[in-house]
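Each chain, written out:
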Protein chains: 4
Amino acid sequence: MGHLAKDKGKLVARVRRLQGQLEAVARSLDEDAPCGDTLQLVASVRGALNGLTVELIEEHVRNHVVDPEHEADPERAKGAADLLAVVRTYMK
Amino acid sequence: MGHLAKDKGKLVARVRRLQGQLEAVARSLDEDAPCGDTLQLVASVRGALNGLTVELIEEHVRNHVVDPEHEADPERAKGAADLLAVVRTYMK
Amino acid sequence: MGHLAKDKGKLVARVRRLQGQLEAVARSLDEDAPCGDTLQLVASVRGALNGLTVELIEEHVRNHVVDPEHEADPERAKGAADLLAVVRTYMK
Amino acid sequence: MGHLAKDKGKLVARVRRLQGQLEAVARSLDEDAPCGDTLQLVASVRGALNGLTVELIEEHVRNHVVDPEHEADPERAKGAADLLAVVRTYMK
């Protein structure tokens, strides 16, 4: 992900937040919180992980395949834009 | 999850492993590893999170709804066993 | 699903709608529609299938495990209600 | 999906099989089969739908973005190949 310099900090920060959310899950288990609460915490980790995944896939497509905003070939640009829309639909 | 005493340690250990897997994702980002490698690491976090989710749901069903192995009512016991099989199918 | 008489018609109707959505996917392929459009149709089938899955799991829990609204044991009733909330969160 | 001529028949055949699997779900509901059996049928529809989704995304990438096997730019070819590997991992 050599191209990431600009966004690297943001992505790593997202990973740290995920680790923090997991800390809350560990505490919830340690403190014998109701299962439903612990499971809702785990569900939010899952949502955040999906969000990180979409962002990483998007970074990869833009930097190593086709960047819809900077691609000279209009058909490829449209194809890449459609692809990113589909990835967001499926991974949200 | 007051019933968890026996298993609490195992569940918390799984959460710690997940945090460790995320540490590898952060390092992969920091070291500008190829996107594909980072995305495969995130996919393995996702798999581990699904595994934790199934285990927590199973704990919840056994301890707060119906435990197939200790339920007096045979229809409820079968219903709970079928439910756990479905949860595993969908969450793997 | 012997208990389904009342709801069977509604569930079968949902399955028929899913078959209809797939007919639209087949037509989209036949008519060489843009991939993005076909993929969005398939995404909506996926969403509808998840909705059907949640409803079937809910039916199963209520009729073969514990029905939160008719369960005498308050702890089991709460456990089943929490379970259904978790299933909706994870399967939406 | 104008490029699909060659594969169109195969993809439409997959959609027909999915419709057939849903017919089995409808029959299972109609015949009051055990919930667990119906839910396992729905799970197999879900698996088949994921398979169709991966194939459609792959078709789209190869024909409208970058085809790893026919791309002149080696970095783009590698990027597209990595992307397809990630899509298979996440959608299986």
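Residues numbered from 1 in each chain as written. Chains lettered and ligands numbered in written order. Predicted model: local features only at pLDDT ≥ 70, side-chain atom pairs only at ≥ 80, totals over all residues. Heavy atoms only, no water.

A word on the environment of C:K8
Part 1 of the argument: Tracing the backbone shows C:K8 in helix 1 (residues 5-30).
Part 2 of the argument: In sequence terms C:K8 and C:Q21 are 13 residues apart; their C-alpha atoms lie 20 Å from each other.
Part 3 of the argument: Excluding anything up to four places from it in sequence, C:K8 contacts D:L29, D:D30 and D:D32.
Part 4 of the argument: A polar atom in the side chain of C:K8 sits 2.9 Å from the backbone oxygen of D:D30. (Helix = DSSP H or I, 4+ residues; strand = E, 2+ residues; numbered from the N terminus. Contact = heavy atoms within 4.5 Å. Polar contact = N/O pair within 3.5 Å; in protein donor to acceptor, adjacent residues only side chain to side chain.)

Digging into unusual backbone geometry
Part 1 of the argument: The phi dihedral of A:D32 is positive, around 55 degrees, even though this residue is not glycine.
Part 2 of the argument: Looking at the element boundaries, A:D32 is found in the loop between helix 1 (5-30) and helix 2 (35-64).

Regarding the interface of chain B and chain C
Part 1 of the argument: On the chain C side, the residues contacting the 18 residues of chain B number 18 residues.
Part 2 of the argument: The contact between chain B and chain C buries some 1,500 Å² in all, and 63% of this surface belongs to carbon and sulfur atoms.
Part 3 of the argument: It is B:V65, B:R76 and B:L83 that lose the most area in chain B upon contact with chain C, and together they represent 35% of the buried surface on that side.
Part 4 of the argument: On the surface where chain B and chain C come into contact, there are two salt bridges.
Part 5 of the argument: C:E71 is paired through a salt bridge with B:R76; the nearest N and O atoms lie 2.5 Å apart. (Buried area = accessible area lost by both parts, 1.4 Å probe. Salt bridge = Lys/Arg side-chain N within 4 Å of Asp/Glu carboxyl O.)

Looking at the side chain of D:T53
Part 1 of the argument: Locating D:T53 in the fold gives a position in helix 2 (residues 35-64).
Part 2 of the argument: Excluding residues that lie within four positions of it along the chain, D:T53 makes contacts with A:Y90, C:L39, C:V42 and D:M91.

Here's the deal with the relation of the copies chain B and chain C
Part 1 of the argument: The transform that puts chain B on chain C rotates by 180 degrees and translates by 0.0 Å along the axis, for an RMSD of 0.0 Å. On the angle and the small slide along the axis, the relation comes out as a two-fold axis.
Part 2 of the argument: Here 100% of the contact residues of chain B are again contact residues in chain C; the copies associate through an equivalent surface. (Least-squares fit on C-alpha atoms with pLDDT ≥ 70 in both.)

Topic: helix 3 (residues 74-91) of chain B
Part 1 of the argument: A rise of 1.5 Å per residue sets the reference length of helix 3 of chain B, with its 18 residues, at 26 Å; its end C-alpha atoms lie 26 Å apart and thus fit the reference within 8%.
Part 2 of the argument: Burial in helix 3 of chain B covers these residues: B:R76, B:A77, B:G79, B:A80, B:D82, B:L83, B:L84, B:V86, B:V87, B:Y90 and B:M91.
Part 3 of the argument: Check the buried side of helix 3 of chain B and you find it contacts helix 2 of chain A, helix 2 (35-64) of chain B, helix 2 (35-64) and helix 3 (74-91) of chain C together with helix 2 of chain D.
Part 4 of the argument: Where helix 3 of chain B begins, the side chain of B:D73 points an oxygen toward the backbone nitrogen of B:E75, at a separation of 2.8 Å. (Expected span 1.5 Å × (residues − 1). Buried < 20%, exposed > 50% of the residue type's maximum accessible area, 1.4 Å probe, protein only.)

Quick notes on the interface of chain A and chain B
Part 1 of the argument: Taken together, the contact between chain A and chain B spans 35 residues of the former and 35 residues of the latter.
Part 2 of the argument: Taking both partners together, chain A and chain B bury about 3,100 Å²; carbon and sulfur atoms supply 70% of that area.
Part 3 of the argument: In this structure, the salt-bridge partner of A:D32 is B:K8, at a minimum N-O distance of 3.2 Å.
Part 4 of the argument: The interface formed by chain A and chain B includes 11 residue pairs in polar contact (both at pLDDT 80 or more).
Part 5 of the argument: Looking at the side of chain A that touches chain B, the elements that each hand over two or more residues are helix 1 and helix 2 of chain A.

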